[in-house]
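# Breakdown of the fold
As a plain string of letters, each chain reads:
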Amino acid sequence: MSAPTPAGPGPEGRGLQPSAFGRPSPALLARADRGFARFLAPTTPAAPEDGDQDDAARQR
């Protein structure tokens, strides 16, 4: 009681995979570009520690 096997090839169509299968979407590429640009952006140097916090703690 199984389904009969088709005699010829299946009908042409999209099938189960979309036509752009394997290609990244423009939105995904834009997001990756923003992340890479943020990664390459120059960083600001950290502010030098003045030690004011330690002096305030000693005066208590």
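Attention in this report is confined to the structure presented alongside it.

Definitions and limits used
Residues numbered from 1 in each chain as written. Predicted model: local features only at pLDDT ≥ 70, side-chain atom pairs only at ≥ 80, totals over all residues. Heavy atoms only, no water. Phe/Tyr/Trp six-rings, centres within 6.5 Å; stacked < 30°, edge-to-face > 60°. Helix = DSSP H or I, 4+ residues; strand = E, 2+ residues; numbered from the N terminus. Buried < 20%, exposed > 50% of the residue type's maximum accessible area, 1.4 Å probe, protein only. Patch = residues over 30% accessible without salt bridge, like charges linked within 9 Å, V, L, I, M, F, W, Y side chains within 5 Å. Areas by Shrake-Rupley, 256 points an atom, 1.4 Å probe, with all protein chains shown as cover. Salt bridge = Lys/Arg side-chain N within 4 Å of Asp/Glu carboxyl O.

Two descriptors summarise a pair of aromatic rings, namely the distance from one centre to the other and the angle between the planes of the rings. Overall, the coordinates contain one aromatic pair when judged by the stated rule. Relative to Phe39, the ring of Phe36 lies with its centre 6.3 Å away and its plane at 20°, an arrangement referred to as stacked. Taken together, the residues span about one helical turn, with Phe36 and Phe39 both in helix H1 (residues 26-40) at a distance of three residues. There is no split in this pair, since Phe36 and Phe39 are both exposed.

What follows deals with a nonpolar patch on the surface. A contiguous nonpolar patch, built from Phe36, Phe39 and Leu40 and spanning about 390 Å² of accessible area, is present on the exposed surface. Inspection of the secondary structure assignment puts Leu40 in helix H1.

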